[in-house]
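Observations on the three-dimensional arrangement
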Amino acid sequence: MAQSIVLITGCSSGIGLATAVRLAKDPEQRYKVYATMRNLGKKERLETAAGDALDKTLFVRPLDVTKDDTIKALVGDIVREDGKIDILVNNAGSYGLDGITHKSLEWCQEMMDTNFWGAVRLTRAVLPTMQEHRSGRIINISSNAGINAMPFFSIYSASKFALEGYTESIAPVLRDAFNIRVILVQPSGVATDLIANFYKVSFDEQAKDFGEVLKPMYVSMMNGMAAKSAETGPMQKGEDLAQLIQEVAETENPHLRYQANDAVRQLAGWKWTDPTGDSYLQSLK
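Residues numbered from 1 in each chain as written. Predicted model: local features only at pLDDT ≥ 70, side-chain atom pairs only at ≥ 80, totals over all residues. Heavy atoms only, no water.

The test is simple: UniProt positions are given in the numbering used here, feature names are shortened, and annotations may be inferred rather than shown by experiment.
The Sequence similarities (unreviewed entry) comment attached to the protein in UniProt states, word for word, "Belongs to the short-chain dehydrogenases/reductases (SDR) family."

Next comes the structure, spelled out in C-alpha cells:
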C-alpha cells in the first residue's frame, strides 16, 4: 500500500510535533510526514522525538505560513518528490491577549495572518494535487474560542471564528466535487508552549494596562477559569490531540467537527441549544 503523504504546519512543539511523530512512527509505516516550522532553530525537540523515524518517514522542512513563496516552493517540492499530498494539517498558530483595544492593528493583522490566512494559503496550495487525485484530507485545528469567543482575546477568537466559517463553507463543496474532506478539530486546554508561556506571566501583569475597570474584570475571569481547570484535572497533552487527528485522518466518513474533550462538547452544546447565547454569557459571570 502506498504511503499517505502528510504535510503538517507548526511542528516545533505541542500538537503539531506530537501529530508528526505519531504518524511517522506508525507501526505499518503508512505515512510519510513533512513536519514544518517557521524557525528551524527550534527543530531539536522534534528531531529527538522522531528518533529512528527522522529522514525515513519524518522530514523536517522550513515553512512560514504567512509567506506565499515558501508555501509554493515546499508544496511544489513535495509533489515533485511524491506525486501528491494526501493530508494537510493546518496547525500553525499564535495566541495572545489583546484586551479589545490594547494591541496595535498591526499585531491584530499578524495574528489573523497566521491563524486564518495561513490556513487559507496552505489549503489553496494543496488543492490542485488533491483535486487531480480526487481525494484528500484537510484538517484545520480550531479552538474552543472558535465556538464561543473568549473575553479579552477578541482577535484570537475572531481568527478561529474565521477558520470555522471558512471550513464550513468549503467542506461540502470539496466533498461533493472532489471527494476531499475538510474537518475541524476543536481543542481546549492543551499543554503547549504557547499556553505555558502565556501562564508564566501573572494575570495582574498581563492586565497592567487595562485600567481600573477592565483589569479587575480580567483578573477575576482568569482566576475563575483557572479554578475550573483545576477541578477538571490537568490539561490535555499534544499526544491526545495527535491520536484524535489520526483517527480523523483514517475515518472513512468524518464529521465536519470534532470536539477534543467534554469541556468543548459542553460549549458546543450551549451554542447549538441556546441561539440567544445567554447561557454562555451567564457562565462567564
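Description of helix α4 (residues 105-133)
At 3.6 residues per turn, the α-helix brings residues three or four places apart onto the same side. Our working definition: Here a helix means four or more residues in a row that DSSP labels H or I, a strand means two or more in a row labelled E, and each is numbered from the N terminus. A helix's residues, less one, multiplied by 1.5 Å, set its expected span. Note that the bend at a residue is defined as the angle between axes fitted to the seven residues ending at it and the seven residues starting at it.
Helix length check: α4 (29 residues) gives 41 Å between terminal C-alpha atoms against 42 Å at 1.5 Å per residue, within 8%. At Trp-117, α4 shows its strongest bend, of approximately 45°. The first or second residue beyond α4 is Arg-134, which carries a positive phi of 55°.

Notes on the nonpolar core
Rule in force here: Nonpolar cores were defined as sets of buried Ala, Val, Leu, Ile, Met, Phe, Trp, Tyr and Cys residues, with membership established by side-chain atoms within 4.5 Å. Accessible area is worked out with a 1.4 Å probe on protein chains only. A residue is then buried under 20% of its type maximum, exposed over 50%, and partly exposed in between. Residue contacts are counted whenever heavy atoms from the two residues lie within 4.5 Å of one another.
Counting residues in hydrophobic clusters, the biggest one holds 32 residues, and the most contacted among them are Ile-8, Ala-20, Val-33, Leu-46, Leu-58, Ile-139 and Val-185. The leading source of residues in this core is helix α1 (residues 14-24), at 6 residues. Ignoring sequence-local partners within four residues, the contact set of Ala-20 consists of Ile-8, Cys-11, Val-33, Ala-35, Leu-46 and Leu-58. Counting residues in each nonpolar core, the second largest holds 26 residues, with Phe-59, Ile-78, Leu-122 and Ile-170 among its members.

Some remarks on the packing of aromatic side chains
To keep things clear, this is the line we draw: Classification of ring pairs uses Phe, Tyr and Trp, with its six-membered ring standing for Trp, and accepts pairs whose centres are within 6.5 Å; under 30 degrees between planes counts as stacked, over 60 as edge-to-face, and the remaining range as tilted.
Applying the stated criterion across every chain, the model contains 13 aromatic pairs. When the ring of Phe-198 is compared with that of Tyr-199, the centres are 5.3 Å apart and the planes differ by 90°; the resulting orientation is edge-to-face. Phe-198 sits in the buried class, given a relative accessible area of 11%. With 5.6 Å between their ring centres and 70° between their planes, Phe-210 and Tyr-218 make a pair best called edge-to-face. In this structure, Phe-210 and Tyr-218 share a single accessibility class: buried.

Digging into the pattern of salt bridges
This is how it is decided: By definition here, a salt bridge exists when the distance from a side-chain nitrogen of Lys or Arg to a carboxyl oxygen of Asp or Glu is within 4 Å.
Per the stated rule, a full pass over the model turns up 14 salt bridges. With a shortest N-O distance of 4.0 Å, Lys-32 and Glu-81 are connected by a salt bridge. Of this pair, Lys-32 sits in strand β2 (residues 31-37) while Glu-81 is found in helix α3 (residues 68-82), placing the two residues 49 residues apart along the sequence. A residue is classified by how much of its surface remains accessible, and Lys-32, at 11% relative accessible area, is buried. Note on Glu-81: relative accessible area 56%, which makes it exposed.

What to know about the sheet that holds strand β3 (residues 58-62)
What counts is decided by this rule: Strand pairing is assigned whenever DSSP identifies at least 2 bridges connecting the two strands. An axis is simply a line fitted to the C-alpha atoms; with a helix, the fit covers only the stretch in contact. Between two such axes, the angle follows the N-to-C directions and lies from 0 to 180 degrees.
Judged by pairing direction, the sheet is parallel, and its 7 strands sit side by side in the order β3-β2-β1-β4-β5-β6-β7 without closing on themselves. Each edge of the sheet is formed by a strand with only one pairing partner; in this case those strands are β3 and β7 (257-259). Ignoring which end each strand starts from, the neighbouring axes of this sheet average 20° apart. In this sheet, strand β5 (residues 136-141) lies alongside strand β4 (residues 87-90) in parallel orientation, the contact comprising 4 bridges. Its bridge partner being in β5, Ile-87 is matched across the sheet by Arg-137. Contacts between α4 and the sheet are confined to β1 (4-8), β4, β5 and β6 (180-186), with β4 contributing the most and set at about 175° to the helix.

Considerations on unusual backbone geometry
Notably, Gln-29 is not glycine yet its phi reads approximately 50°, a positive angle. Within the secondary structure layout, Gln-29 lies in the loop between α1 and β2. A positive phi angle, close to 80°, is found at Ile-100, a residue other than glycine. With a relative accessible area of 59%, Ile-100 lands in the exposed category.

A word on the pairing of β4
Note the threshold: A crossover counts as right-handed when, viewed with the strands pointing away from the observer, the path leading from the first strand over the helix to the second turns clockwise.
Neither face of β4 is exposed, since Ile-87 and Val-89 on one face and Leu-88 and Asn-90 on the opposite face are all buried. Where β1 lies against β4, 3 bridges are found, and the strand directions are parallel. Bridge assignment links Val-6 to a residue of β4, and that residue is Ile-87. In terms of handedness, the path from β4 via α4 over to β5 forms a crossover that is right-handed.

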